[in-house]
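The chain contents come next:
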Amino acid sequence: MSTTPNPDFSDPKVLAELRARQRSRALVMAGVLIALCVLFYVITIVKIGVWG
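All of these numbers come straight from a predicted model, not from anything done at the bench. (Residues numbered from 1 in each chain as written. Predicted model: local features only at pLDDT ≥ 70, side-chain atom pairs only at ≥ 80, totals over all residues. Heavy atoms only, no water.)

**A closer look at the overall build of the protein**
Phase 1: Broken down by element type, the protein carries one helix and zero strands.
Phase 2: A compact globule built from 52 residues would reach a C-alpha radius of gyration of about 10 Å, whereas the protein, at 21 Å, exceeds it by more than 25%.
Phase 3: For the C-alpha atoms alone, the extent of the protein along its principal axes is close to 60 × 30 × 10 Å.
Phase 4: Here the protein holds 52 residues, and 2% of them are scored as buried.
Phase 5: Accessible surface, the protein: about 5000 Å² in total, of which carbon and sulfur atoms supply 69%. (Helix = DSSP H or I, 4+ residues; strand = E, 2+ residues; numbered from the N terminus. Rg over C-alpha atoms; globule rule 2.2 N^0.38 Å. Buried < 20%, exposed > 50% of the residue type's maximum accessible area, 1.4 Å probe, protein only. Areas by Shrake-Rupley, 256 points an atom, 1.4 Å probe, with all protein chains shown as cover.)

Printed below as a string of structure tokens:
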């Protein structure tokens, strides 16, 4: 069994670190989703034949 202590979520410093990690993870996921949308859009346009 691991012996790592549980973080104290009532500590503002710990809470700020947690929020920062959540924010960075959300921004990365948003970037990935936007990139996928752009990729699907480009593939659709090429398959329709506007450029090719």
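**Some details on the environment of Arg23**
Phase 1: Looking at where Arg23 falls in the secondary structure, it is placed in helix 1 (residues 12-48).
Phase 2: Exposure remark for Arg23: the relative accessible area of 60% places this residue in the exposed category.

**Focus: the environment of Thr44**
Phase 1: Looking at the secondary structure, you find Thr44 in helix 1.
Phase 2: Among the polar contacts listed, one links the side chain of Thr44 to the backbone oxygen of Phe40, at a separation of 2.8 Å. (Polar contact = N/O pair within 3.5 Å; in protein donor to acceptor, adjacent residues only side chain to side chain.)

None of the figures reported here should be taken as evidence of function without further support.
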